[in-house]
Amino acid sequence: MIKHKNGAGDSIFNIINYGFMLIIAFVTLYPFYYILVGSMSSIKNLVSGEFLLWPKGFNLEAYSVVFKNQMIPGAYKNTIFITITGTIISMFLTVLGAYVLSKKYLPGRNYLTLFIIITMLFNGGLIPTYLTVKALGFGNTLWVLIFPNCISAYNMIVMRNFFMTIPSSLEESANIDGATQFKILASIILPLALPAMATISLFYAVAYWNSFFNAIIYLTDSKYWPIQLVLREVLTQGRAEYLMNDEELNVPMENVKMALVIVTILPILCIYPFLQKYFVKGLLVGSLKG
């Protein structure tokens, strides 16, 4: 086995490359770190605009305000329900649709695929969608945040392309053994499609977790609000009454806002490392065939 010896040019390239990637990582991660540090710093150091590497005037009063608020647990519960239930429903529909479209013997397969792709470019508009959702009886319920957007044409196409990379000989062998289509899908196709499924599941979960627009449009009762809508009302509308009572108004609002941001994004950040190993593989393999 011949070992390649790095020359001076390779070493210089590696140094520049690593340095550039470190700069990109710092620029990407520092805003999150700044919010974390700022949520635990005194308001004097926070509003001064100085560069923060660690908390100054350390205190956790902002987190105490957030966790003692009665609205936050309910919003968290709503968001967790929407994310878990919505991701399961979305993956179920996406897998079934992609599996059918991946079969070359399906009559009119290309026309069906084109029809689905068209929905990525055009939609019925906000008002017709609103009237349809209201007519179906989903208004002012948690289901209104799940069903109107429970399937993504893009995700279905990616999953379809992944299924098309799986050798058809596996299905033919299973057919000879008398396996049904559902048996083939559950026992053969899905285990092989785990990287793509993990990637698409992450896409759906992040979309559900971050969704707030449908909540603004359809929800009038605050008990159904997801955590992102509470965050929006506090950050953009400055409505401190959602978080603080009269006794807590002495806590700086900027600290409370930063603490709420950290509390909001932390769960989805904790999920990502468990799916990271599937992420790149799922995207690359799913894009090989069209």
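Just above sits the structure.
Residues numbered from 1 in each chain as written. Predicted model: local features only at pLDDT ≥ 70, side-chain atom pairs only at ≥ 80, totals over all residues. Heavy atoms only, no water.

Draft legend 1. Main features of helix α1 (residues 8–39). Its 32 residues place the ends of α1 46 Å apart at the C-alpha level, agreeing with the 46 Å of an ideal helix rising 1.5 Å per residue. The sharpest bend along α1 measures roughly 35° and falls at Tyr30, with the proline Pro31 sitting one to four residues further on. For α1, every residue scored as buried is listed here: Tyr30, Val37, Gly38 and Ser39. (Helix = DSSP H or I, 4+ residues; strand = E, 2+ residues; numbered from the N terminus. Expected span 1.5 Å × (residues − 1). Bend = angle between axes of the 7 residues up to and from the residue. Buried < 20%, exposed > 50% of the residue type's maximum accessible area, 1.4 Å probe, protein only.)

Draft legend 2. Structural detail: the layout of surface pockets. Size it by volume and the largest pocket reaches roughly 730 Å³. Among the residues making up the lining of the largest pocket, the classes are represented as 19 nonpolar, 10 polar and no charged. In terms of lining, the second largest pocket is formed by 16 residues, of which the most central are Ser102, Lys103, Ile166, Ser168 and Glu171. Looking at the lining of the second largest pocket, the elements that each hand over two or more residues are α7 (153–164), α8 (168–176) and α9 (181–192). In terms of residue count, the dominant contributor to the lining of the second largest pocket is α8 (4 residues). Here the lining of the second largest pocket is built from residues that sort into 9 nonpolar, 2 polar and 5 charged. (1 Å grid on protein atoms, 1.4 Å probe; cavity = no way out; pocket = protein on both sides within 12 Å on 5 of 7 lines; lining within 4 Å. Points joined across faces, edges and corners; volume = space filled by probe spheres on them. Nonpolar A, V, L, I, M, F, W, Y, C, P; charged D, E, K, R; others polar.)

Draft legend 3. Fine view of the packing of helix α4 (residues 71–101) against helix α10 (residues 194–210). Interaxial distance between α4 and α10 falls to 9 Å at its minimum, and their mutual angle equals 140°. If you check the angle between α4 and α10, you find them oblique. At the point where α4 passes α10, the crossing takes the right-handed sense. Side by side, α4 and α10 meet where Tyr76, Thr79, Ile80, Ile82, Thr83, Gly86, Thr87, Ser90, Met91, Thr94 and Val95 of the first sit next to Met197, Ile200, Ser201, Tyr204, Ala205, Tyr208 and Trp209 of the second. When grouped by side-chain class, the residues that make up the contact of α4 with α10 number 11 nonpolar, 7 polar and no charged. (Axes fitted to C-alpha atoms, helices over the stretch in contact; angles between N-to-C directions. Parallel < 35°, antiparallel > 145°, perpendicular 65-115°, else oblique. Left-handed = near helix turned anticlockwise from the far one by under 90°. Contact = heavy atoms within 4.5 Å.)

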